[in-house]
Each structure stands twice: as C-alpha cells, then as structure tokens.
Amino acid sequence: MSKTNTLSHLAIIMDGNGRWAENKGLPRREGHKEGAKIVRQITTWCAHNSICYLTLYAFSTENWKRPKTEIEFLMQLLKKYLENERQTYLENGIKFRAIGDITMFNSPLRDMILKLEEDSSKGKNLTQILALNYGGRDEIARACIKAFKSYSAKDLENIDKTEVQRLITNSLDTAGIPDVDLLIRTGGEMRISNFLLWQSSYAELAFTPTFWPDFSTHELENIILNFKNKLRRFGGL
Ligand code: FPP
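What comes next is a walk through the structure. Quantities reported herein were computed from a predicted structural model and do not represent experimental measurements.

**What to know about the overall build of the protein**
Here is step 1 of the chain: Looking only at helices and strands, the protein features 9 helices and 6 strands.
Here is step 2 of the chain: Its C-alpha atoms give the protein a radius of gyration of 18 Å, near enough to 18 Å, the size a compact globule of 237 residues would have.
Here is step 3 of the chain: If one aligns the C-alpha atoms of the protein with their principal axes, the spans along those axes are about 60 × 55 × 35 Å.
Here is step 4 of the chain: The buried share among the 237 residues of the protein stands at 47%.
Here is step 5 of the chain: If you sum the accessible surface of the protein, you get close to 12900 Å²; carbon and sulfur atoms cover 51% of it.
Here is step 6 of the chain: For the protein, the distance from the average position of its 33 positive side-chain charges to the average position of its 29 negative side-chain charges is 1 Å.

Written as structure tokens, this is what we have:
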C-alpha cells in the first residue's frame, strides 16, 4: 500500500523580485510590490489547503547590505502589508508570527508586528511565519546563548548530546513548530541562503526558475503533488 507524505510545514525563499522587474524595464521596487501580492495569494491558498505552517523569507540578516533606498522601500512595504493584510489574516483564520531578530527594526514597525501577532493569535487554519531580519546562523547562536546561559562549565562537561539538541530546538525562534517538510526556492538559484538551517535538516527541497512575482498557486500545487509522492527515509531504509 503506498502512503503519501503529509505537508505540515512549508517554507519558501521568495527570490527573483528584482530580476522580474528588471526584465520588464521596471524599477526593482515594482518587483517587491508585485511580490507582496503573491504573498497574500499563496498564504490564503495554504490556509484553505491543510497546510499548518507557512514560513516565508521576507528579509534576511544579509539584506542590510542592499542600497539604503531599497531597504527603506522594503520596510515601508512590510508596514503597508501588515496594515493592509490584517483583514486577510482575520477573515481566513491565519495566525501571524514573526521570527528573526526584530530588535533591529524601528519601534513603530516592531509594535505593528507584535500587535498583529496578538490580534491574529486565535487563527486556526494556518500559522504564517514571516522571517524578518532572519538568519539561520544568527538564530542558532541566539538559541545557544538562551539555552546555556545558566549552565556552568561543569554542567556542560557531562551534558548529553541529545539533550543539547533538544535544548537548542526549544530555544529557537520556531520553538514548538515542527521541522520544515518542504522548502521551495523561486528565482532559479539553488541554495539555502542561511534560511531555517536547523529546521530543514530533513526537508525536501524544490527549486523553480519562476521569479517570485510569477509564482502561482497552480505551480505550488504541482510542487506539493510531487512532494507527496516522494519517499522520505529520514536516514533510515
Ligand atoms: C528577493 O528578491 C526577495 C526579497 C529580498 C524579499 C522578499 C520580499 C517580498 C516577497 C515582498 C515583500 C514581502 C512582504 C511580506 C511584505 P530579490 O530582490 O533578491 O530578487 P533578485 O534576486 O532578482 O534581485
């Protein structure tokens, strides 16, 4: 009897906004604007198609290296998105969560993030997680500091490795959220770019050349269909 995989946690690296715009002779920011619309479509689709967690890479710890004008535009876009999509979250039973080090954001933006987390906390269909000023290594480093702060050198000498893994897992920004089942990257590059490093250890990976603003629920459905029929062995036979 064949068994299909369950997709509980889907993660997406939304790449290709800039190239989408450049190919059309438009400024890069038009690609980000169009990308934000696709975020809404994909999120709503996930909320009604039995996905429990959707994590989206919206701003990485490395994105601060971009020109100041582009960073400012992305911050404004995020603010607008959080304001405009509030109804989408509430009407579709979507719980919003942020991961990453948001202490780097200005306080009005931080307050908006915290307020939407609180207001949408009863959402039962889907938890949408936006990775904001997020980096996998940064998250693991912060988790280790949190987990072992109270440990003495003597405690650490005898600590069991499985226990260390448990402590780190429970100290990550994603504590309580299951590991990633399927990680998709749009835009044609085949790399992970410091996204959910710990949580994607056994994730199935899917790469598509489609630029994020052209990504669709139809393409997502095809990727998911392919994922469901894959044999996942988790290191066993
Ligand atoms: C990569 O495209 C994408 C980002 C840096 C951020 C993702 C942002 C969005 C999808 C829009 C805003 C999202 C929200 C939630 C408001 P790129 O600029 O690196 O594309 P390129 O590789 O073609 O230059």
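Next, the rest of the story.
**Details of the packing of helix H6 (residues 136-148) against helix H8 (residues 161-169)**
Here is step 1 of the chain: The contact between H6 and H8 brings their axes to 8 Å, and the two run at 110°. With respect to each other, H6 and H8 are oriented roughly perpendicular. In the packing of H6 onto H8, the handedness of the crossing is right-handed. Residue-level inspection shows Ala143, Cys144, Ala147 and Phe148 of H6 in contact with H8, the latter providing Val164, Leu167 and Ile168.

**So, the packing of aromatic side chains**
Here is step 1 of the chain: Counted by the stated rule, this structure contains 10 aromatic pairs.
Here is step 2 of the chain: On the numbers, 6.4 Å between centres and 70° between planes, the contact of Phe59 with Phe105 is edge-to-face. Of the two residues, Phe59 sits in strand S2 (residues 53-60) while Phe105 sits in the loop between strand S3 (94-99) and helix H5 (107-119), which places them 46 residues apart along the sequence.
Here is step 3 of the chain: Residue classification places Phe105 among the buried positions, given a relative accessible area of 3%.
Here is step 4 of the chain: Their ring planes at 85° and their centres at 6.5 Å tell us that Tyr81 and Tyr89 sit as a pair that is edge-to-face.
Here is step 5 of the chain: Look at Tyr81 and you get buried, because its relative accessible area is 10%.
Here is step 6 of the chain: Given a relative accessible area of 2%, Tyr89 falls into the buried group.

Definitions and limits used
- Residues numbered from 1 in each chain as written.
- Predicted model: local features only at pLDDT ≥ 70, side-chain atom pairs only at ≥ 80, totals over all residues.
- Heavy atoms only, no water.
- Helix = DSSP H or I, 4+ residues; strand = E, 2+ residues; numbered from the N terminus.
- Rg over C-alpha atoms; globule rule 2.2 N^0.38 Å.
- Buried < 20%, exposed > 50% of the residue type's maximum accessible area, 1.4 Å probe, protein only.
- Areas by Shrake-Rupley, 256 points an atom, 1.4 Å probe, with all protein chains shown as cover.
- Lys, Arg positive; Asp, Glu negative; His and termini not counted.
- Charge placed at Lys NZ, Arg CZ, Asp CG, Glu CD.
- Axes fitted to C-alpha atoms, helices over the stretch in contact; angles between N-to-C directions.
- Parallel < 35°, antiparallel > 145°, perpendicular 65-115°, else oblique.
- Left-handed = near helix turned anticlockwise from the far one by under 90°.
- Contact = heavy atoms within 4.5 Å.
- Phe/Tyr/Trp six-rings, centres within 6.5 Å; stacked < 30°, edge-to-face > 60°.

Function-wise, these values are silent; they only describe arrangement.
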